[in-house]
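# Descriptive structure summary
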Amino acid sequence: MPPRNKNFTGREDLLEKLHAGVTSEVTAVVPHALHGFGGVGKTHVAIEYAYRFQDEYDLVWWIPADQPMLVRSTLAGLAPDLGVESSSVMGVEEASAAVLDALRRGEPYSRWLLIFDNAERPEEINDIIPRGPGHVLITSRNHAWESVVDTVPVDVFSRAESVEFLRKKVAGSSSDEDRDRLAEELGDLPLALEQAGALQYETGMSVERYLTLLKKQTTKVLDANRATGYPLSMTAAWSLSVSQLKAKLPEAVELLRCCAFFGPDPIPRDVFDTLPQGFASESRLGPLFDDPLLLSRAIRELGRYALVRIDPGNRTILVHRLVQALLRDELSGKEKESFRREVHLLLALTAPQSPDDNALWPRFTELLSHLKPAEVEVSDDPRVRRFALRMVRFLYSSASYRLAVDLVERLITRWRADSGDDDPYVLSAQRHLGLVLRELGDYKTAFRLNSATLERMREVLGVDHEETLLMTNSHGADLRTRGDFSGALEHDENSLSRHEAAFGPEHPRTLRVMNNLAVDHMLLGDYTKAFELQKKVHSLQRSSSGRDVGKQAVIASWNGLARIVRLRGDYSEACDIGQDAYEFGMRELGPDHLWTLRTARDLSIAQRRAGLVEEAGELAESAFERAERIFGRDHPDTLATALCLANAQRSNGQVTEALALLRDTAARYPRRYEESHPFTFGCDMNLALLLRVSDLVEEATGLDRRSLEGLDRTVGRTHHYSLTCAVNLASDLATGGDVAEAARLGRQTLTRLRGLLTEDHPLTLACANNLIIDLRSEGSSDEAEALSVDTLERYRRVLGENHPDTQVAMSGERLDFDFDPPAV
């Protein structure tokens, strides 16, 4: 046996798995093969296994198998220990055959372990591997052993194992943070870590210096010293495998070099298989891509030489980052540029075309990790630039906003330097950046960027250019985030007419504008028009078979329909529609997608309005936890969900918790919105309500007065938000003893609500209920009685006898209404 490695680290699960497999009680003991990349430590695992479990064996024999012709002579060396004649007496062939026979019979030892180290080709030694009562371990880079024996894959170290190994190897010379950085750059490969640790130990070289040299002189650094226990240095081992493969199949080496310009993550096999017709003519790997059989053979050979790891189940190919670095290091600048262009086109031409289609998101995800290593931003090929923008759109649609910002900012910086500020792809990338920034809640930056981009697009591309129209639609949301609801309506009406002319009335892009126009009408309080548009959009989207309508657009209109139904006062139907939309989001987008969270919030509001206060509270709490975890406490959607949760807590009697949450949220709102934004006043309105029910009536009255004045200035007194605030202010006044003023404000508000929302709307009924109480308090009994009979009859008919609002009205108590900001 080779000596035990005193620095052996980790691999506990692997050793236990191997031991359990080798020693399991079966009819016939099957050999086990450890296979993986060169340098992952297969040999060291086998050595450690033999020493760790040596008490379970009477005989352990190590057989170097990299030269098959010498295997029999090594086996023959066992003859004296097994009581058979040696090779000097009967020859190598006869002696090895006698050894194998003794091992199979288990005489004189049945507890034996044979280790065939570095056995490459199964067909060369499989016939001389003994099957018997003992155990056989094989180490090999060749995954072909999978079809011959039970195999145990040996991967690189885990990060914790890498850090622990370096801690043992070079004790006290660096921090765990430095060790982590070193392990990252070396891809946790044990051989490379052994070499790096030895170099540090021998020379005192810092991690920073080593990594600098590794980047500049990869081949030289990885050939600097041979690691203890390994036959070759990293560079030498790699060079030997490549040279052997080049002599056998040079096309495979070309493919490997191409793979060096992908990232160190799994490469989808489809990037080589699904190329468009004609691509081979412009590819340096054209003959390989034109011949599927040759391509398959090349990939198999790369796997057999352990230069790549093939995952047939996931159809991927993995090249270790150090192998990639060594491959790149041997190429000239011109060759690097050629291979990099090859990878750019492979990515661009095989990527899906529809980033909004969630069924294709796994495919986009497979490609994502290769964009930065491949440096796609350096390409000026229109096909590659369009692909890069599709990847940004995919990240936006899948709600991976921070990754989208990182990618698109990198694209803009490089493309602007190469092509100028007015390049169409630069302008398109800026449009994508504005979209993402707005979803991240950076409304001010998004507004400035989008305003400037739209102006440049109109001048450079023209007002009816496809990109300009997309930017126009996006900019309407910027106006809504600023509270300019009327401006947004005017903008979106113009945008809709242009989209209809350019794309047609039922095109997915036109429907997105129509959906935004419905939001404008909703924010301005025109619920009838909003309902008509929202219903039309949702119906057309659901019936657009074969059209590129993304799931995000569908759930946005579906949730919008549920919201407008709720705002019109039909809470039960809003719950039904909202539940369907929420289940759609959970199924198609996942629980953490922004639109799923928005739908959860609106469903919780509908449930609370429908009297399902416990369900509403549970859903609001879950949605708030997810929003805060994913987007942070100051994100607009987290703030909106905090309002939703506080309203649910108040409805469930958790007034203290609700007040604490709302005080915190109200302090945050002006940081995200302007202080004069209607949503900021709406948040303060909710806080005032909780202050009143907490007996802080004076503070509540002052806050409601300021909120109502602000809403009067921004959206007008006849708006739903203003009238809700007026209802609550009347309750503040009545609670504070000013019954006459409360009744005056109540009469005025009731008249306006009947004109805006109809007499049967729950907010109208709540205002009437509160006015009845104030009329009785000021002595207007006849007026109060007549209004009471009409109001209670409407409550029973509209909401039902058992609805909480009906019960409160029948008991003669006041009703409160709150504010819930929609997504804009």
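Values in this document were obtained by computation on a predicted structure and should not be read as measured data.

If you tally the helices and strands in the chain, you get 42 helices and eight strands. Its C-alpha radius of gyration of 36 Å places the chain more than 25% over the 28 Å reference for a compact globule of 824 residues. In terms of its C-alpha atoms, the chain occupies a principal-axis envelope of roughly 125 × 60 × 55 Å. Expressed as a percentage of its 824 residues, the buried residues of the chain come to 57%. Within the chain, counting contacts between residues at least 6 apart in sequence, those at least 24 apart form 67% of the total. Of the roughly 33500 Å² of accessible surface on the chain, a fraction of 48% belongs to carbon and sulfur atoms. For the chain, the distance from the average site of its 98 positive side-chain charges to the average site of its 127 negative ones is 4 Å.

So, about the packing of aromatic side chains. Per the counting criterion, the structure on display carries 18 aromatic pairs. Between the aromatic rings of Tyr673 and Phe679, the centroid separation amounts to 5.6 Å while the plane-to-plane angle is 70°, which identifies the pairing as edge-to-face. Owing to a relative accessible area of 0%, Phe679 belongs among the buried residues under this scheme. Aromatic rings pair up to connect Tyr443, Phe485, Tyr669, Tyr673, Phe679, Tyr721 and Phe819 into one cluster. Directly above the ring of Phe339 sits Arg284, whose terminal nitrogen or CZ lies 4.0 Å from the centroid.

Before going further, it helps to spend a moment on the sheet that holds strand β7 (residues 309–311). The three strands are arranged β6-β8-β7 in an open sheet whose pairing can be described as antiparallel. Looking at the sheet topology across the chains shown, the edges are occupied by β6 (267–268) and β7. Bridging between β7 and strand β8 (residues 316–318) involves three bridges; their strand directions are antiparallel. Following the sheet pairing, Ile310 is matched in β8 by Ile317.

A word on the packing of helix α34 (residues 636–651) against helix α35 (residues 655–672). Between α34 and α35, the least distance of the axes is 9 Å, while the angle of their chain directions is 155°. When the axes of α34 and α35 are compared, the pair comes out roughly antiparallel. Classified by chirality, the crossing of α35 by α34 is left-handed. On α35, the residues touching Pro636, Leu639, Ala640, Ala642, Leu643, Leu645, Ala646, Gln649 and Arg650 of α34 are Val655, Glu657, Ala658, Leu661, Leu662, Thr665, Arg668, Tyr669 and Arg672. Among the residues making up the contact of α34 with α35, the classes are represented as 12 nonpolar, two polar and four charged.

As a further point, take the environment of Ser338. Its location among the elements puts Ser338 in helix α19 (residues 333–350). Remark: the alpha-carbon pair of Ser338 and Cys258, spanning 80 residues in sequence, is separated by 9.3 Å. For Ser338, the side chain forms a polar contact with the side chain of Arg284, separated by 3.1 Å.

In this structure, Tyr49, Leu186, Tyr210, Leu255, Phe262, Phe272 and Phe387 are the most contacted members of the largest nonpolar core, which totals 214 residues. Of all the elements, helix α30 (residues 551–567) adds the most residues to this core, at 10 residues. Every residue in contact with Leu255, bar those within four places of it in the chain, is listed here: Phe272, Leu285, Leu288, Leu295, Ala298, Ile299 and Leu302. The next biggest cluster of nonpolar side chains, apart from the first, holds 24 residues, and it includes Val71, Phe116, Ile129 and Trp145.

Next up on the list: the sheet that holds strand β1 (residues 32–35). Strand order in the open sheet made by the five strands is β2-β3-β4-β1-β5, with parallel pairing throughout. Only two strands of the sheet have a single neighbouring strand rather than two, namely β2 (59–64) and β5 (150–153). Across the sheet, the mean angle from the axis of one strand to that of its neighbour is 20°, orientation sign disregarded. Here four bridges tie β1 to strand β4 (residues 135–140), and the two strands are oriented parallel to one another. Paired with His35 across the two strands is Ser140, which belongs to β4.

Okay, the environment of Asp423 next. With respect to the secondary-structure elements, Asp423 resides in the loop between α23 (401–419) and α24 (424–439). The spacing of Asp423 and Val22 is 401 residues in sequence and 64 Å in space, taken between C-alpha atoms. For Asp423, the side chain forms a polar contact with the main-chain nitrogen of Tyr425, separated by 2.9 Å.

A few words on helix α33 (residues 613–631). One turn of an α-helix holds 3.6 residues; hence residues three or four places apart share an orientation. In this model α33 runs 26 Å from its N-terminal to its C-terminal C-alpha over 19 residues, within 8% of the 27 Å that 1.5 Å per residue would give. Taken together, the buried positions of α33 are occupied by Ala616, Gly617, Leu619, Ala620, Ala623, Phe624, Arg626, Ala627 and Phe631. Turning to α33, the residues buried within the fold contact α23, α31 (571–588), α32 (594–609), α34 and α35. Phi turns positive one or two residues past the end of α33, at Gly632, with a value near 95°.

Rules used throughout
Residues numbered from 1 in each chain as written. Predicted model: local features only at pLDDT ≥ 70, side-chain atom pairs only at ≥ 80, totals over all residues. Heavy atoms only, no water. Helix = DSSP H or I, 4+ residues; strand = E, 2+ residues; numbered from the N terminus. Rg over C-alpha atoms; globule rule 2.2 N^0.38 Å. Buried < 20%, exposed > 50% of the residue type's maximum accessible area, 1.4 Å probe, protein only. Contact = heavy atoms within 4.5 Å. Areas by Shrake-Rupley, 256 points an atom, 1.4 Å probe, with all protein chains shown as cover. Lys, Arg positive; Asp, Glu negative; His and termini not counted. Charge placed at Lys NZ, Arg CZ, Asp CG, Glu CD. Phe/Tyr/Trp six-rings, centres within 6.5 Å; stacked < 30°, edge-to-face > 60°. Lys NZ or Arg CZ within 6 Å of the ring centre and 35° of its normal. Pairing = 2+ DSSP bridges. Axes fitted to C-alpha atoms, helices over the stretch in contact; angles between N-to-C directions. Parallel < 35°, antiparallel > 145°, perpendicular 65-115°, else oblique. Left-handed = near helix turned anticlockwise from the far one by under 90°. Nonpolar A, V, L, I, M, F, W, Y, C, P; charged D, E, K, R; others polar. Polar contact = N/O pair within 3.5 Å; in protein donor to acceptor, adjacent residues only side chain to side chain. Core = buried A, V, L, I, M, F, W, Y, C linked by side-chain atoms within 4.5 Å. Expected span 1.5 Å × (residues − 1).

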